[in-house]
Amino acid sequence: MTTSTPAVAPRVLSGIQPTADSYHLGNYLGALKQWIELQENYDAFYFIPDMHAITVEQNPQELHDRTISGCAQLLAAGIDPEKSTLFIQSHVPAHAELSWVLTCLTGFGEASRMTQFKDKSSRQGAEHTGAGLFAYPMLMAADILLYHPQFVPVGEDQRQHLELTRTLAERFNNRYGETFVVPEGFIPKGAAKIYDLQNPTAKMSKSGDNPRGLINLLDPPKVSAKRIRAAVTDTDTVIAFDRENKPGVSNLLVIQSELTGIAIEDLVASYEGKGYGHLKVDTAEALEAFTTPLRAKYEEYMADRGQLEAILQRGAERANEIAAATVHEVYEKIGFVVPSTMR
Ligand code: ATP
Ligand code: LTN
């Protein structure tokens, strides 16, 4: 029988939703960049949570295309299928299975306190909010706990969901015996939150109101350069890192620093006596140098559907092996009669 416990290398796991035609710079700097680094030393599991995507209404053709495109973007950005297990969430039935068990372990009040649910449901109104959005954090907990990862690399906005995951792991372990690893977040310091270019106190988001606030990885460099030029700064002219008083300038400094590897202090020193125009031109150039090869690799993956499907099939097979073994163990522990086909 396959064992669901961690292999030799410690594991990491994360997912990114297929809810836009392109991932944005916040997704890359807040999450993906860490994924790529972590695959070197960890047994990495990365997936596209299409089941999370349908917690809000999706156009079927769009969801389908964005799921494939999302995989190609991850590969183009540097996820190496020889090092990481890349898969689509709905290809692994164990996610839905464990999610139900964890939902039954979660308090109604506990789930009601999730800020992402509160924000989204208050924006849409209760009548337009599906129960799937309420169950979203328990599905995310299942995604994670199935694979026993030590670390979960995500942006700051996922911290509360991770806390719930840890609580549910501990609750299950206390009630039914040691089963799950209690995972830790792996949240970057500098880039944990990249802000909207037009509204630099709100996070850059695929579902933001104004597309001009977004830097999409697949957009032509000219489009992004224009958005960066039009980024909201302030009426002052001094380039300094000051999140409170200069959120727009600080955001551009973080973006440029993350893309080039140059420390923020060094960037600030190099801009002494220079205006915001310089900062914006250099940031746009750094972005272009990063996205140009990424877009070329993306086109290559998209042009070879057979290769993409083979990678996803291999990923799903490996994920299924581990995830099904976890569900088996959980079902036995909670008292389900496990059919002989699952044993
Ligand atoms: P949506 O707007 O549809 O909620 P999103 O743009 O926030 O989407 P997700 O798919 O929810 O993107 O997030 C994928 C990953 O990117 C998560 O780990 C999340 O924490 C991270 N992330 C998203 N936006 C940012 C941001 N502005 N800065 C840093 N990390 C981010
Ligand atoms: N909720 C996450 C996406 C996500 C995820 C996960 C991240 C779904 N399941 C498991 C890490 C681990 C988001 O970024 N919105």
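The structure we're discussing is the one just above.
Residues numbered from 1 in each chain as written. Chains lettered and ligands numbered in written order. Predicted model: local features only at pLDDT ≥ 70, side-chain atom pairs only at ≥ 80, totals over all residues. Heavy atoms only, no water.

S.K.: Tell me about empty space enclosed by the protein, residues and numbers included.
M.R.: Following the criterion strictly, the structure yields one cavity of 30 Å³ or more and no others. In this model, the largest cavity occupies a volume close to 40 Å³. Taken together, Met-114, Gln-116, Phe-117, Lys-120, Leu-133, Tyr-136, Pro-137 and His-161 make up the lining of the largest cavity. Listed by contribution, the elements that provide at least two residues to the lining of the largest cavity are α6 (115–124) and α7 (131–145). Of the residues assigned to the lining of the largest cavity, the class counts are five nonpolar, two polar and one charged. (1 Å grid on protein atoms, 1.4 Å probe; cavity = no way out; pocket = protein on both sides within 12 Å on 5 of 7 lines; lining within 4 Å. Points joined across faces, edges and corners; volume = space filled by probe spheres on them. Helix = DSSP H or I, 4+ residues; strand = E, 2+ residues; numbered from the N terminus. Nonpolar A, V, L, I, M, F, W, Y, C, P; charged D, E, K, R; others polar.)

S.K.: Break down the site of ligand 2 for me, citing the residues and quoting the values.
M.R.: Neighbouring ligand 2 are 14 residues; Gln-17, Tyr-136, Met-140, Asp-143 and Gln-158 lie closest to it. Taking Gln-17, its side chain carries an N or O atom lying 3.3 Å from a nitrogen atom of ligand 2. One nitrogen or oxygen atom from the side chain of Asp-143 is found 2.6 Å from a nitrogen atom belonging to ligand 2. For ligand 2, whose unbound accessible area comes to 360 Å², protein coverage reaches 91%. The set of elements that each furnish at least two residues to the shell around ligand 2 consists of β1 (11–15) and α7. Considering every element that reaches the shell around ligand 2, the biggest residue donor is α7, with four residues. Class assignment of the residues belonging to the shell around ligand 2 gives a composition of eight nonpolar, five polar and one charged. (Near = heavy atom within 4 Å. Polar contact = N/O pair within 3.5 Å; in protein donor to acceptor, adjacent residues only side chain to side chain. Areas by Shrake-Rupley, 256 points an atom, 1.4 Å probe, with all protein chains shown as cover.)

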